[in-house]
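Below are the chains, spelled out letter by letter.
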Amino acid sequence: MTKCNLFFADKAILIEGASERIMMPQMLAKVDKEYDTNLAIQYISYVEVGGAYAHYFYKFLDFLQVKTLIITDLDSVKRVKRKGRFVRAACQVSQGEFTSNSGITRWFNNPTEESLLVIKNKTPLQKIINKRRIAYQIPEVTNTIPCGRSFEEAFILANKSLFSISGRGCVLEKRVYDKAAEYSDNKSDFALKYAINNVV
């Protein structure tokens, strides 16, 4: 769907990219089946906003008064020294200091990177503004390891046996991080494989 569908939608889901767009119908079908809902037959506009750019839509969504779920990545980063200066580099969540996701930081009214610990501990109520709700990766059990930094990592964590991954804590998180990196250049292939060929 395109962004103009937002004008006519009953609800909207903003997603980052191809993986989420391809897998969304399967996810909604699972939710409908498990919770006896009817999301699959509602007019839901799926808007691919690319990366962490959902914040550009916040005021527009408030104007439309459409119920919206924003699904975005946690995007953990840490400070590393390169060529004599500190830069932000992607890292496992347990090593992260900040989120580099503008959609998340702007949600909580911080124009710059936000402490990852603060972000991970936001309450469900803090993730709702007007008719908008933001969702990003958090540990399955509060204050535990592991936690995915991206959609692909969270999917792998939830389906460890499918990827022949085992372990606990930081060891498991590292294995998942490395496995997701194998798909970093081909996220569409990842989604197609697990949404169509190997439905979980």
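Everything numeric in this text was worked out from a predicted model, so none of it was measured.

### With respect to the overall build of the protein
Looking only at helices and strands, one finds 7 helices and 9 strands in the protein. Against the 2.2 N^0.38 benchmark of 16 Å for 200 residues, the protein shows a C-alpha radius of gyration of 17 Å, consistent with a compact globule. When the backbone C-alpha atoms are referred to their principal axes, the protein occupies close to 50 × 40 × 30 Å. Residue burial in the protein is summarised as follows: out of 200 residues, 42% are buried. For the protein, contacts bridging at least 24 residues in sequence account for 60% of all contacts bridging at least 6.

### Focus: the nonpolar core
A general trend in soluble globular proteins is that nonpolar side chains are found buried together. Core analysis: the largest hydrophobic core is formed by 21 residues, its most contacted members being L14, F57, I70, L74, I104, I134 and Y136. Elements that contribute at least two residues to this core include exactly β1 (11-15), α2 (58-64), α3 (102-107) and α4 (116-120). Apart from the residues lying within four places of it in its own chain, the contact partners of I134 are Y58, I70, T72, G103, I104, W107 and K127. One finds F151, F163, I165 and A180 within the second-largest nonpolar core, a separate group that totals 16 residues.

### Quick notes on unusual backbone geometry
Of note in the backbone geometry, K83 takes a positive phi value of approximately 50° without being a glycine. Among the secondary structure elements, K83 is positioned in the loop between β4 (76-82) and β5 (85-90). You can call K83 exposed: its relative accessible area is 88%. The backbone of N130 shows a phi angle near 55°, a positive value even though the residue is not glycine. Looking at the element boundaries, N130 is found in the loop between β8 (128-129) and β9 (132-135). What makes N130 exposed here is its relative accessible area of 53%.

### Structural notes on the sheet that holds strand β2 (residues 44-48)
What the 5 strands build is an open sheet, ordered β2-β1-β3-β9-β8; its pairing is mixed. Two strands bound the open sheet, and with one partner strand each, they are β2 and β8. Running at roughly 155° to β2, helix α1 (residues 18-35) makes contact with β1, β2 and β3 (67-71) of the sheet.

### Quick notes on the side chain of H55
Looking at the secondary structure, you find H55 in the loop between β2 and α2. With residues up to four places along the chain from it excluded, the contact list for H55 reads S102, G103 and R106.

### Comments concerning the pairing of β4
Relative to strand β6 (residues 98-99), β4 is paired through 2 bridges, and the arrangement is antiparallel. Residue pairing in the sheet places V77 in a bridge with F98 of β6. Taking the residues that link successive antiparallel strands as the turn, the β4-β5 hairpin has 2 residues, and the phi of K83 there is positive, at about 50°.

### Side note on the packing of α1 against helix α5 (residues 151-158)
Direction vectors running N to C along α1 and α5 enclose 40°, while the axes themselves pass 11 Å from each other. In terms of orientation, α1 lies oblique with respect to α5. In this structure, α1 uses S19, E20, M23 and M27 to contact α5, whose residues at the interface are F151, E152 and F155. The residue makeup of the contact of α1 with α5, split by class, is 4 nonpolar, 1 polar and 2 charged.

### Details of the side chain of D75
As for its placement among the helices and strands, D75 is situated in the loop between β3 and β4. The side chain of D75 is buried and forms no salt bridge, while R149, the nearest opposite charge, is found at 4.2 Å. The contacts of D75, once residues within four sequence positions are left out, are E16, A52, F98, T99, S100, N101 and R149.

### So, the pairing of β3
Of the two faces of β3, the one holding T68 and I70 is buried and the one holding K67, L69 and I71 is not buried anywhere. Sheet topology places β1 next to β3; 4 bridges connect them, and they run parallel. Paired with L14 across the strands is I70, a residue of β3. Where β3 and β9 come together, 4 bridges link them in parallel fashion. Residue pairing across strands places L69 opposite R133, the latter belonging to β9.

The rules behind the values
Here, residues in each chain are numbered from 1, in the same order as that chain's written sequence. In view of the model being predicted, local features appear only for residues whose pLDDT reaches at least 70, and side-chain atom pairs are presented and counted only at 80 or more, with totals across whole chains, interfaces and linings using the full set of residues. Excluded from the side-chain calculation are hydrogens and water; included are all heavy atoms of the structure. The helix and strand labels rest on DSSP assignments: H or I over at least four residues marks a helix, E over at least two residues marks a strand, and numbering proceeds from the N terminus. Throughout, the radius of gyration refers to the C-alpha atoms, and the reference size of a globule is 2.2 Å times the residue count to the power 0.38. Burial classes: relative accessible area under 20% of the type maximum marks a residue as buried, over 50% as exposed, and values in between as partly exposed (1.4 Å probe, protein chains only). Residues count as neighbours in contact if any of their non-hydrogen atoms are within 4.5 Å of one another. Here, nonpolar core refers to any group of buried Ala, Val, Leu, Ile, Met, Phe, Trp, Tyr and Cys residues whose side-chain atoms link them within 4.5 Å. We treat two strands as partners when DSSP finds at least two bridges between them. What counts as an axis is a line fitted to C-alpha atoms, over the stretch in contact for a helix, and the angles between N-to-C directions run from 0 to 180 degrees. Between 65 and 115 degrees an angle is taken as roughly perpendicular, under 35 as roughly parallel, over 145 as roughly antiparallel, and anywhere else as oblique. Any residue that is not Ala, Val, Leu, Ile, Met, Phe, Trp, Tyr, Cys, Pro, Asp, Glu, Lys or Arg is counted as polar, Gly included; the first ten are nonpolar and the last four charged. Neither His nor the chain termini are counted; the positive set is Lys and Arg, and the negative set is Asp and Glu. Salt bridges are identified by distance alone: a Lys or Arg side-chain nitrogen within 4 Å of an Asp or Glu carboxyl oxygen.

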